[in-house]
Amino acid sequence: MNEVTDMAEPTDTSHVEDVKEILPNNWIFQHPMYLQMQNLGIEDGAQVHAAFLVYLDVTEMRDWKDVTCLKCPELQVVLLEGREAEGAPMQSVLALPVHHVMTVLDRGFPMLLCAVASDSTLVYQRMTDGLVTPDPPDQDQGRRQQRKRRQHR
């Protein structure tokens, strides 16, 4: 699909501005990566906030390397790029608040989509061009259960 259409209702970003007024010294709003994301000129404050939460997850919890942010002009969103491990291929991550519905631009390579809930729950889904067959189920279920029983004795 060549045409990219943002099908979401206009995002109300006033809540982000209200929080900034209430908590002017909040460390998130002073974080260098958050400031860098804001300087990309993305109007959707909720998507910028979602991208920052994903940035924190991949850098602090998942220990990704070389994580950067960039503007996707076609979608008007912040994309993250980084490596799961040193020397691994670069991956793109699109973070969207769960209320967002969007037709995603075909970038020619797999991408991670991260849905960000209002309680900061993150759900990752790998997106590819076309269908990807699932891995076969483990045929050796019985042996695993026997090993678990032995370990618990």
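As shown above, the structure is provided for reference.
Small disclaimer: the values here were computed from a predicted structure and weren't measured.

About the cut-offs
Residues numbered from 1 in each chain as written. Predicted model: local features only at pLDDT ≥ 70, side-chain atom pairs only at ≥ 80, totals over all residues. Heavy atoms only, no water. Pairing = 2+ DSSP bridges. Helix = DSSP H or I, 4+ residues; strand = E, 2+ residues; numbered from the N terminus. Phe/Tyr/Trp six-rings, centres within 6.5 Å; stacked < 30°, edge-to-face > 60°. Buried < 20%, exposed > 50% of the residue type's maximum accessible area, 1.4 Å probe, protein only. Core = buried A, V, L, I, M, F, W, Y, C linked by side-chain atoms within 4.5 Å. Contact = heavy atoms within 4.5 Å.

A.B. asks: Mind showing me how you'd approach the pairing of strand S4 (residues 111–116) here?
C.D. replies: Consecutive side chains of a regular strand alternate in pointing toward one face of the sheet and then the other. Of the pairings in the sheet, the one linking strand S3 (residues 91–97) to S4 comprises six bridges and is parallel in character. Bridge assignment links Val93 to a residue of S4, and that residue is Leu112. Sheet topology places S4 next to strand S5 (residues 122–127); six bridges connect them, and they run antiparallel. Residue pairing for S5: Cys114 is matched across the bridge by Tyr124. The antiparallel hairpin formed by S4 and S5 contains five residues in its connecting segment, where Ser120 sits at a positive phi of about 75°.

A.B. asks: Would you mind showing me how to read the packing of aromatic side chains here?
C.D. replies: Aromatic rings considered in pairs are described by the distance between their centres and by the relative angle of their planes. Using the criterion set out here, one finds four aromatic pairs in the structure. Judged by centre distance (6.3 Å) and plane angle (55°), the rings of Trp27 and Phe52 are tilted. Of this pair, Trp27 sits in helix H2 (residues 27–30) while Phe52 sits in helix H4 (residues 45–61), and the two are 25 residues apart along the sequence. Judged by relative accessible area, which is 0%, Phe52 ranks as buried. Between Phe52 and Tyr55, the ring centres sit 6.1 Å apart and the planes meet at 25°, which makes this aromatic pair stacked. Taken together, the positions of Phe52 and Tyr55, both in helix H4 and three residues apart, correspond to about one turn of that helix. Ring-pair connections join several aromatic residues into one group, and the members of that group are Trp27, Phe29, Tyr34, Phe52 and Tyr55.

A.B. asks: Just to check I follow, could you spell out the nonpolar core for this structure?
C.D. replies: A general feature of soluble globular proteins is that nonpolar side chains tend to end up buried together. Residues Met37, Phe52, Val54 and Tyr55 are the most contacted members of the largest nonpolar core, which totals 25 residues. At the level of secondary structure, the elements contributing two or more residues to this core comprise H2, helix H3 (32–38), H4, strand S1 (65–72), strand S2 (77–83), S3 and S4. Residues contacting Tyr55, with those up to four places away along its chain left out, are His31, Met33, Met37, Val67 and Leu80. Core analysis: the second largest hydrophobic core is formed by seven residues, Cys72, Leu75, Leu96 and Met111 among them.

A.B. asks: How should unusual backbone geometry be read in this particular structure?
C.D. replies: Peptide bonds are, in most cases, trans, and in most cases residues other than glycine have a negative phi. Backbone geometry places Asp66, a non-glycine residue, at a positive phi of 55°. If you trace the backbone, Asp66 turns up in strand S1. Its identity as a non-glycine residue notwithstanding, Ser120 has a phi of 75°, on the positive side. Take Ser120: it is sitting in the loop between S4 and S5. Among the residues examined, Ser120 registers a relative accessible area of 41% and is labelled partly exposed.

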